[in-house]
Amino acid sequence: LICVHRIDVPVSGVIVLAKSKKVATHLGNQFKERNVKKTYLAISRFNNAEQKGSWKDMILKHRKGNKSGLVKEHEKAKEARAAFEYVEGLEHIHLWKLFPQTGRHHQLRVQMSSHIGPIRGDQKYGDKRGNKDRSIDLHAYEITFVHPATQKQVTFVAPPPSKSPWTHFT
């Protein structure tokens, strides 16, 4: 099996694997051409005034600490685009849907932290406490692409983890 789409170690959710190099190449091209639709769920301790919108930032991957950050200008920075939507909130936690249009290093983690507030459990990007299992509350929920054999659009969904805080949301 060949990994075509991966997620960061502390993130849960759907990944895409291919059975052959030919299929991996076909799927990889869909990612490069940005024809794959991805939906993530994120839990933050913060609620932003904006309930829906989009981000367009420049992200620079730092050599030290396996970390990225937003920059105004830099020759090695890459454009990162994503849309976001507030889903619901409880007293101290808020659920967001994120729709990345690019796939930069730690993109959603950086953009959430910069624009709304860090993802719950993500101490690398500013959350005050880590989760006991070292995960962060970011979940690759849904992915849609054209199946290489049937040429039909397919969607795969990974339900959120059946543990707190995910179970607090409907």
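Look up a bit, the structure's there.
Conventions used here
Residues numbered from 1 in each chain as written. Predicted model: local features only at pLDDT ≥ 70, side-chain atom pairs only at ≥ 80, totals over all residues. Heavy atoms only, no water. Helix = DSSP H or I, 4+ residues; strand = E, 2+ residues; numbered from the N terminus. 1 Å grid on protein atoms, 1.4 Å probe; cavity = no way out; pocket = protein on both sides within 12 Å on 5 of 7 lines; lining within 4 Å. Points joined across faces, edges and corners; volume = space filled by probe spheres on them. Nonpolar A, V, L, I, M, F, W, Y, C, P; charged D, E, K, R; others polar. Polar contact = N/O pair within 3.5 Å; in protein donor to acceptor, adjacent residues only side chain to side chain. Contact = heavy atoms within 4.5 Å. Pairing = 2+ DSSP bridges.

## Some points on the environment of Tyr141
Checked against the element boundaries, Tyr141 lands in strand β9 (residues 138–146). For the pair Tyr141 and Gly89, spaced 52 residues apart in sequence, the C-alpha separation works out to 18 Å.

## A few points about the layout of surface pockets
Taken as a whole, the largest pocket spans an internal volume of roughly 810 Å³. Forming the walls of the largest pocket are 31 residues, and the residues nearest its centre are Arg6, Ile7, Asp8, Arg104 and His106. Elements represented by at least two residues in the lining of the largest pocket include exactly β1 (2–5), β4 (37–44) and α2 (107–115). Top element by residues in the lining of the largest pocket is α2. It accounts for three residues. Counted by class, the lining of the largest pocket contains 11 nonpolar, 12 polar and eight charged residues.

## Points about unusual backbone geometry
Residue Pro165 follows Ser164 across a cis peptide bond; omega there is 5°. Relative to the helices and strands, Pro165 is located in the segment after β10 (153–157).

## Here's the deal with the side chain of Ser135
The residue Ser135 is located in the loop between α2 and β9 in this model. A polar contact is formed between the side chain of Ser135 and the side chain of Asp133, at a distance of 2.6 Å. What Ser135 contacts, discounting residues up to four positions off in sequence, is Pro10, Gly121 and Lys163.

## So, the pairing of strand β5 (residues 52–62)
Both β5 and strand β7 (residues 78–89) contribute to a ladder of eight bridges, which runs antiparallel. Residue pairing in the sheet places Lys56 in a bridge with Arg81 of β7. Here β5 pairs with strand β6 (residues 67–71) via five bridges, running antiparallel. When the bridges of β6 are listed, Lys61 appears paired with Ser68. Here β5 folds back onto β6, and the loop between the two strands holds four residues, one of which, Gly65, carries a positive phi near 80°.

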